[in-house]
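If you want the building blocks of each chain, they are given just below.
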Amino acid sequence: MSEVRVDPNLARYASRASALRASEIRALFSVASRPEVVSLAGGMPDTAALDLDAVGSMLQTLMAEDGARALQYGGGQGDPELREQLCEVMAAEGIEARADDLVVTTGGQQALDLLAKMLCDPGDTVVAEGPSYVGALGAFQSYEAQVVHVPMDAEGMDPGQLEDVLAQLHREGRAPKMLYTVPSHQNPAGVSLSLERREQVIALAQRWDVLVVEDNPYGLLDFKGEHHPPLYTLDPTRVVYVGTLSKLFSPGIRVGWVMAPGALRDKLVQLKESADLCQSNLTQALAARWLRDQSWHDQIDRFRELYRNRCRALTDALAAEMPPGCDWSQPTGGLFVWARVPEGIDTGELLAKALTARVAYVPGRAFYADGSGARELRLNFSFCDEDRLREGVQRLAGVVTEELELRAAFGSQLGEDER
Ligand code: PMP
């Protein structure tokens, strides 16, 4: 028998590193990116829909006009001109922002990481929707915070359940360090918090004195023309706002930002400097020029139209193909549909069969810190064209149907084996 060798360096990890588990999404990427697999697993915007020639000539002009500065270090808070431009992006959401309150980060992801680093000691509590964005859960876990979920329905986080969670935590003497939420076109559920619920969530945060972290990558990518005010506008002193250009322009430039009141902003600048000194000046300058010189509102409209059509293609295909007992969200915008299969099927276990059938998705358990989500899965519609989406759903429906037939034929034995 060959000896199993354990890497001795495993014992050197700090506890916060040991606690991190490989993201189910990352583990999937190598298989899901094979050309024969229809990947509904990723979260990629369709960057081929950008005007790449325009971006190319912007880069050329940038080098000719301002190359030495673009290739230099920058300040820890981020390029002042870019911060001014980002205020324009937030103005499109109805936010009156001041460039001085912003810290530019390496995507929204670094903003979440720095916020968790700033706020969470080991064992601290973070309240978040269930399901929640995987990358946020990873950031909270890496600082050894405990995530407590608040269930969602078709209108987003349920304020009644939020109230119960906050009251229970209070009884246990656990004051949450933050309430993390993606109120608009959520990843992974695709749904949005109604205006009434936004007001209720803020009122509860005020009553229990909880800091709210509003993560809003998808606010401008709405499909129904319904625009709800960001939570930030309801209480600017209590809400830290996280934005990103990843879904509006490009995730490759890694430009995100965080807007936080006074002392939080100052600490975030220090944390940003200790993490990576400063944001890339080159991609900041590119982003600033894109926002200054290109008709970015039109580009966002093009993305919205593209994703709205793809979302419809995906949900129509689900309605036509999926067996009875499955259901899924009706996205208000963004990139994702959240689906559920019948009781007894575990989407984590089903994935191997799905990959064999050449379709990939993300199993629901990745989106919960507490191990729930076994019957759920996330489907992305922003990257594949409509024909591929239909093909993917056909393959997925085939796998789920086959699993149900197997269970119907051998159900009692399966049950016994499981016992
Ligand atoms: N928040 C949410 C809800 C997301 O879905 C994502 C990306 N998928 C991010 C933050 C981070 O994205 P980025 O770092 O590219 O801005």
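In this text the structure is predicted, and so the values were computed from the model without any measurement. (Residues numbered from 1 in each chain as written. Predicted model: local features only at pLDDT ≥ 70, side-chain atom pairs only at ≥ 80, totals over all residues. Heavy atoms only, no water.)

Focus: the pattern of salt bridges
Spelled out, the test is: Criterion for a salt bridge: a side-chain nitrogen of Lys or Arg within 4 Å of a carboxyl oxygen of Asp or Glu. Under the DSSP-based scheme used, a helix requires at least four consecutive residues in state H or I and a strand at least two consecutive residues in state E, with every element numbered from the N terminus. Relative accessibility thresholds used throughout: buried, under 20% of the residue-type maximum; exposed, over 50%; partly exposed, between the two (1.4 Å probe, protein chains only).
Overall, the coordinates contain 28 salt bridges when judged by the stated rule. Residue Asp-100 pairs with Arg-265 through a salt bridge whose shortest N-O separation is 3.6 Å. Note that Asp-100 is positioned in the loop between α4 (80-92) and β2 (102-106) and Arg-265 in helix α10 (residues 262-276), a separation of 165 residues in sequence. By relative accessible area, which is 13% here, Arg-265 ends up buried. Ionic pairing is found between Lys-177 and Asp-124, a salt bridge with its closest N-O pair at 2.7 Å. Taken together, the residues span a long stretch of sequence, with Lys-177 in the loop between α7 (159-171) and β6 (178-181) and Asp-124 in the loop between α5 (107-119) and β3 (125-130) at a distance of 53 residues. Residues joined in a network through salt bridges with shared partners are Arg-98, Asp-100, Asp-101, Arg-265 and Asp-266.

Some words on a nonpolar patch on the surface
Keep this limit in mind: What goes into a patch is any residue over 30% in relative accessible area without a salt bridge, connected to like charges within 9 Å or, for nonpolar side chains (Val, Leu, Ile, Met, Phe, Trp, Tyr), within 5 Å. Areas reported here follow the Shrake-Rupley algorithm with a probe of radius 1.4 Å; residue values treat only the protein chains shown as occluding.
A cluster of nonpolar side chains, Val-6, Leu-10 and Tyr-13, forms an exposed patch at the surface whose accessible area comes to about 320 Å². Secondary-structure assignment places Val-6 in the segment before α1 (15-18). On the accessibility criterion, Val-6 (62% relative accessible area) is exposed.

Structural notes on the state of the cysteines
Put simply, the rule reads: Sulfur atoms of two cysteines make up a disulfide when they are within 2.5 Å.
With the rule as written, the count across this model stands at zero disulfides. Here Cys-311 stays free of any disulfide, with the sulfur of Cys-384 as its closest cysteine sulfur at 14 Å.

Regarding the site of the ligand
This is how the line gets drawn: We define proximity as follows: a residue is near a molecule or strand when any one of its heavy atoms falls within 4 Å of that partner. In protein, a polar contact means a hydrogen-donor-capable atom and an acceptor-capable atom, both N or O and within 3.5 Å, with residues adjacent in sequence counting only if both atoms are side-chain atoms; elsewhere, any N or O pair within 3.5 Å suffices. Note that Gly is not counted as nonpolar here; it falls among the polar residues with everything else outside the nonpolar set of Ala, Val, Leu, Ile, Met, Phe, Trp, Tyr, Cys and Pro and the charged set of Asp, Glu, Lys and Arg.
With respect to spatial proximity, 13 residues lie near the ligand, and among them Gly-108, Asp-215, Tyr-218, Thr-244 and Ser-246 are the closest. Thr-244 has a polar side-chain atom sitting 2.6 Å from an oxygen atom of the ligand. Alone, the ligand offers 400 Å² of accessible surface; in the complex the protein occludes 92% of this. Considering every element that reaches the shell around the ligand, the biggest residue donor is α5, with three residues. For the shell around the ligand, a count of residues per class yields four nonpolar, six polar and three charged.

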